[in-house]
Amino acid sequence: MSSLSCGIVGLPNVGKSTLFTALTRKQIPAENYPFCTIDPNVGIVELNDSRLQELQKMSSSQKIIYATVSFTDIAGLVKGASKGEGLGNKFLSNIRQTDAILHVVRCFENDDVIHVEGKIDPIDDIETINLELILADLEVVEKNIQKMEKQAKGNKAFLPTLEFLQKARAHLEDEKPLRTLELTKEELSFYKIYSFITNKKVLYIANISEEDLQTGDNEFVQRVKAFAEKEDAAVLPICAKLEEEMAQLSPEEAKEFLKEVGLKETGLDKLIRKAFELLGLITYITTGEIETRAWTIKKGTKAPQAAGKIHSDIEKGFIRAEVISYNDMMHYKGRVGAKEAGKARMEGKEYEVQDGDVILFHHS
């Protein structure tokens, strides 16, 4: 299970909770994870991966275990949240604990769904939330600058931290999120000390109507894309209402429905995949008679640490990793065929595991 999580944020009535409901309909029952208590506003969702299904057939595995990511539905935000308005303080503490932000923006017209500001303006919505998050970070920066100024007077070692905080303050005072602040490698390491919100990566989810589903586009979506481009963020158009309806269908019915509306996959599957990309995650696969399983690791993880995901003893006793790419596994109809064709590689401690590697670890 991945401990990395995405926080879903948005103004009231933008479709945030509809999206969360759709996601958590696909939720894995919490009892599948011993010692895991899940709050009502946290959902663990599987990454639908057809590679596992194909490998299961090949290995005659008894079961498949998919990679997962957790989503947190953050309490609806209103203006003044940084000052504790609405559920402000709870909202901000919840979002600090997540690894990335999914920002749901309303990009549809509907007279039956009242907008909190009385008009549809996605950029205004984004800026309302961003400003609250900027103000919350500014408060953290101000408090720490006061502390650091006192410490730096007596000890020059605190000067780099103080300079970083002053740089961050100037950027936030310009009403810009910290993710758009250019920093040196040393300065970036200070983020580990402070739990800022605006340095987290963001995916903008443009909630569109069913009418715009085929193109995934309208004037509102275009405006969101132009805005996101400035901070190097991605935009994913989704019809939350339709996703909620589809989440209630059986997999066969959902497949049939997608065919009818001319789509290859659900918006939720796209969203879960995007969330993985956003968090810098990949999966490698183990397969055998007992199970075919995806293991979640950070991009750039080396073989012994990847082995440690299975068990710490395998990491400690790591000798080498026998690696076959998923495509070679399929092409040569399994490990034996791939080995005979010379497609199995023996990799050592410095090998960086790639997405879709099918691995057998050798250990003492």
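To be clear, the structure that these remarks concern was listed above.
Residues numbered from 1 in each chain as written. Predicted model: local features only at pLDDT ≥ 70, side-chain atom pairs only at ≥ 80, totals over all residues. Heavy atoms only, no water.

Q: How should the overall build of the protein be read in this particular structure?
A: Regarding its fold elements, the protein presents 14 helices and twelve strands. In the protein, which comprises 364 residues, the proportion classed as buried is 49%. Here the protein displays about 18,700 Å² of accessible surface, and carbon together with sulfur accounts for 49% of that area. (Helix = DSSP H or I, 4+ residues; strand = E, 2+ residues; numbered from the N terminus. Buried < 20%, exposed > 50% of the residue type's maximum accessible area, 1.4 Å probe, protein only. Areas by Shrake-Rupley, 256 points an atom, 1.4 Å probe, with all protein chains shown as cover.)

Q: When you look at the pairing of strand 8 (residues 281–287) in this model, what are you seeing that I'm missing?
A: A regular strand carries its side chains on alternate faces of the sheet. The element strand 8 is largely enclosed, with a buried count of six among its seven residues. Where strand 8 meets strand 9 (residues 291–298), seven bridges bridge the pair, whose relative direction is antiparallel. Following the sheet pairing, Leu281 is matched in strand 9 by Lys298. Between strand 8 and strand 9, which follow one another and run antiparallel, lie three residues. (Pairing = 2+ DSSP bridges.)

Q: What is the right way to look at the side chain of Glu187 in this model?
A: Structurally, Glu187 is set in helix 6 (residues 185–188). Overall, Glu187 belongs to the buried group, its relative accessible area being 14%. A distance of 3.1 Å separates a polar atom in the side chain of Glu187 from a polar atom in the side chain of Lys167. A polar atom in the side chain of Glu187 sits 2.8 Å from the backbone nitrogen of Thr184. In contact with Glu187, not counting residues within four places along its chain, are Phe164, Lys167 and Glu182. (Polar contact = N/O pair within 3.5 Å; in protein donor to acceptor, adjacent residues only side chain to side chain. Contact = heavy atoms within 4.5 Å.)

Q: Any chance you could explain the sheet that holds strand 1 (residues 5–9) here in plain terms?
A: As a general point, the strands of a sheet are linked pairwise by backbone hydrogen bonds and lie either parallel or antiparallel. The strand order 2-4-1-5-6-7 describes an open sheet built from six strands, whose pairing is mixed. Of all strands in the sheet, those with a lone pairing partner are strand 2 (42–46) and strand 7 (234–238), marking the two edges. Strand after strand, the sheet turns through a mean of 30° between neighbouring axes, direction not considered. As judged from the five bridges shared by strand 2 and strand 4 (residues 68–73), these two strands associate in the antiparallel manner. By the bridge assignment, Gly43 is partnered in strand 4 with Phe71. Sheet contacts for helix 10 (residues 267–278): strand 1, strand 2, strand 4, strand 5 (100–106), strand 6 (201–207) and strand 7; angle to strand 7, the most-contacted strand, approximately 165°. (Axes fitted to C-alpha atoms, helices over the stretch in contact; angles between N-to-C directions.)

Q: Looking at this structure, I do not really get the packing of helix 1 (residues 16–25) against helix 8 (residues 240–247). What am I missing?
A: When two helices pack together, you describe them by how their axes are tilted relative to each other and by the distance separating the axes. Packing of helix 1 against helix 8 leaves a shortest axis separation of 8 Å and a crossing angle of 25°. Taken together, the axes of helix 1 and helix 8 lie roughly parallel to each other. Between helix 1 and helix 8 the crossing geometry is left-handed. Taken together, the residues of helix 8 that come into contact with helix 1 (itself represented by Thr18, Leu19, Thr21, Ala22 and Arg25) are Ala240, Lys241, Glu243, Glu244 and Ala247. (Parallel < 35°, antiparallel > 145°, perpendicular 65-115°, else oblique. Left-handed = near helix turned anticlockwise from the far one by under 90°.)

Q: Mind showing me how you'd approach the environment of Leu172 here?
A: Here Leu172 lies in helix 5 (residues 159–173). Using a relative accessible area of 1% as the deciding quantity, one classes Leu172 as buried. Along the primary structure Leu172 and Leu135 are separated by 37 residues, whereas in three dimensions their C-alpha atoms are 7.7 Å apart. Setting aside residues up to four positions removed in sequence, Leu172 forms contacts with Ile134, Asp137, Leu138, Val141, Leu178 and Thr198.

Q: Looking at this structure, I do not really get helix 7 (residues 219–230). What am I missing?
A: For helix 7, with twelve residues, the first-to-last C-alpha span of 18 Å sits near the 16 Å given by 1.5 Å per residue. Where helix 7 is concerned, the buried positions are Phe220, Val221, Val224, Phe227 and Ala228. The buried residues of helix 7 all sit within an arc of 125° when viewed along its axis, so they share a single face. Among the exposed residues of helix 7, those oriented more than 90 degrees off its buried face are Glu219, Glu229 and Lys230. Against the buried residues of helix 7 lie strand 5, helix 4 (122–154), strand 6 and strand 7. Where helix 7 ends, the next residue or the one after it, Asp232, has phi of about 55°, a positive value. (Expected span 1.5 Å × (residues − 1). Arc of directions from axis to C-beta.)

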